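A structural walkthrough
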Amino acid sequence: MQNVLTISGAEELSYAERAYRAIRDSLVMLEIRPGAPVNEDQLSQELGVGRTPVREALKRLQYERLIVTYPRRGTFATEVNITDLAHISEVRQQLEPMAAAQAARRATEQDRTELEELLHELEHTDTSRRDSGELMRMDLRVHRAIYGATHNPYLEDTLVRHDNLATRIWCLFLDRLPGGVSGHVEEHRPLLVAIAEGDADKAAELARSHVEGFEAAVRAAI
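Residues numbered from 1 in each chain as written. Predicted model: local features only at pLDDT ≥ 70, side-chain atom pairs only at ≥ 80, totals over all residues. Heavy atoms only, no water.

1. Points about the overall build of the protein
- Per the secondary structure count, the protein includes ten helices and two strands.
- Listing the helices and strands of the protein from first to last along the sequence gives α-α-α-β-β-α-α-α-α-α-α-α.
- For a compact globule of 222 residues, the expected C-alpha radius of gyration is about 17 Å, and the protein comes in at 17 Å, within 12% of that figure.
- Referenced to the eigenvectors of the C-alpha coordinate spread, the extents of the protein come out at roughly 50 × 40 × 35 Å.
- Taking all 222 residues of the protein together, the buried fraction comes to 50%.
- A sequence separation of at least 24 residues applies to 76% of the contacts in the protein between residues at least 6 apart.
- When the accessible surface of the protein is totalled, it reaches about 11400 Å², and 46% of it is carbon and sulfur.
- When the 27 positive and 37 negative side-chain charges of the protein are each reduced to one mean point, those points stand 6 Å apart. (Helix = DSSP H or I, 4+ residues; strand = E, 2+ residues; numbered from the N terminus. Rg over C-alpha atoms; globule rule 2.2 N^0.38 Å. Buried < 20%, exposed > 50% of the residue type's maximum accessible area, 1.4 Å probe, protein only. Contact = heavy atoms within 4.5 Å. Areas by Shrake-Rupley, 256 points an atom, 1.4 Å probe, with all protein chains shown as cover. Lys, Arg positive; Asp, Glu negative; His and termini not counted. Charge placed at Lys NZ, Arg CZ, Asp CG, Glu CD.)

2. Some points on the pattern of salt bridges
- Going through the model one piece at a time under the given rule, you end up with 14 salt bridges.
- Among the ionic pairs, Arg 60 bridges to Glu 17, the shortest N-O distance being 2.6 Å. Remark: Glu 17 occurs in helix 1 (residues 15-28) and Arg 60 occurs in helix 3 (residues 51-63); sequence separation between them is 43 residues.
- The residue Arg 92 makes a salt bridge to Asp 163 at a minimum N-O spacing of 3.3 Å. Residue Arg 92 is located in helix 4 (residues 85-106), and its partner Asp 163 is located in helix 7 (residues 153-172); the two are separated by 71 residues in the primary sequence. Assigned by exposure class, Arg 92 and Asp 163 land together as buried.
- Several salt bridges converge on common partners, so that one network encompasses Glu 40, Asp 41, Arg 51 and Arg 55. (Salt bridge = Lys/Arg side-chain N within 4 Å of Asp/Glu carboxyl O.)

3. Describing the packing of helix 4 against helix 6 (residues 132-148)
- Between helix 4 and helix 6, the least distance of the axes is 8 Å, while the angle of their chain directions is 65°. Taken together, the axis directions place helix 4 and helix 6 in an arrangement best described as roughly perpendicular. Relative to helix 6, the crossing made by helix 4 is left-handed. Across from Arg 92, Glu 96, Ala 99, Ala 100 and Ala 103 in helix 4, the residues of helix 6 making contact are His 143, Ile 146 and Tyr 147.
- Of the residues contributing to the contact of helix 4 with helix 6, the split by class is five nonpolar, one polar and two charged. (Axes fitted to C-alpha atoms, helices over the stretch in contact; angles between N-to-C directions. Parallel < 35°, antiparallel > 145°, perpendicular 65-115°, else oblique. Left-handed = near helix turned anticlockwise from the far one by under 90°. Nonpolar A, V, L, I, M, F, W, Y, C, P; charged D, E, K, R; others polar.)

4. Examining the confidence of the model for the protein
- Summarising the model, the protein shows a mean pLDDT of 90, and 94% of its residues fall at 70 or more.
- The element-level mean pLDDT for the protein is lowest in helix 8 (residues 182-186), coming to 85, with helix 4 highest at 97.
- Segment residues 2-11 is flagged for pLDDT under 50; beyond a separation of four residues in sequence, or across chains, it makes 18 contacts in the model. (pLDDT = per-residue confidence, 0-100.)

5. Focus: the side chain of Arg 92
- With relative accessibility at 3%, the residue Arg 92 sits in the buried group.
- Among the polar contacts listed, one links the side chain of Arg 92 to the side chain of Asp 163, at a separation of 3.3 Å. (Polar contact = N/O pair within 3.5 Å; in protein donor to acceptor, adjacent residues only side chain to side chain.)

6. Topic: the environment of Ala 103
- Tracing the backbone through its elements, the reader meets Ala 103 in helix 4.
- Note on Ala 103: relative accessible area 0%, which makes it buried.
- Here the alpha-carbon distance between Ala 103 and Arg 24, two residues 79 residues apart in the chain, equals 24 Å.
- Ignoring sequence-local partners within four residues, the contact set of Ala 103 consists of Ile 146, Ala 149, Thr 150 and Ile 195.

7. A closer look at the packing of aromatic side chains
- Taken as a whole, this structure holds two aromatic pairs when the rule is applied.
- Ring geometry for Tyr 70 and Phe 76: centres 6.0 Å apart, planes at 50°, overall tilted.
- What makes Tyr 70 partly exposed here is its relative accessible area of 35%.
- Ring plane angle 25° and centroid distance 5.0 Å describe the contact between Trp 170 and Phe 214, whose orientation is recorded as stacked. With Trp 170 in helix 7 and Phe 214 in helix 10 (residues 200-221), the pair connects residues that are 44 residues apart, well separated along the chain. With respect to burial, Trp 170 and Phe 214 carry one shared label: buried.
- Positioned over the ring face of Tyr 20 is Arg 60, at 3.6 Å from the centre of the ring.
- Here Arg 92 stacks its cationic end above the ring of Phe 214, 5.4 Å away from the centre of that ring. (Phe/Tyr/Trp six-rings, centres within 6.5 Å; stacked < 30°, edge-to-face > 60°. Lys NZ or Arg CZ within 6 Å of the ring centre and 35° of its normal.)

Structure below.
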């Protein structure tokens, strides 16, 4: 797990927020495997923070369905249940297009700069040669930047949580996905262009297609 004190851009965040982000992404990327025990003392040591920030982080992660606590047994990373795919996709198919459209309408100059930087990175990355884990982290960054550009904290929070759950499913089947993950990540290019150009209708259409393609790819890999 990445040491929390080295997380990029996190200097102004509280210890609890830093711990939350580090543990969350380790769970999302399956670095902490589904069903694996989650130990407060071990996490505190790995992240270089006290137990209290870790405990606060774990409370949030339990609410987000990334961990589960059993009385007298302990805390564990939640299992990845493929039957959840339809429910997660149902939510994302409605909200992802809305978020993309709102980002196209509401993105500030700072938002557009961040989105353009992500687009530039994608355009200068040979995704076919990149490690699948790196590509999935890039995928998370793009989605989170789009959600942030909606300037709707409730929509952003809901979509981050559902995208995290969807990414766990995706990571479980990375080795079996037809054509790998590079094509999925490449789909972000036209989406980022549409948002940067303020084309809400096109952004919504591309986001809807992206989510539908995700579900189809996972089902083909099962």
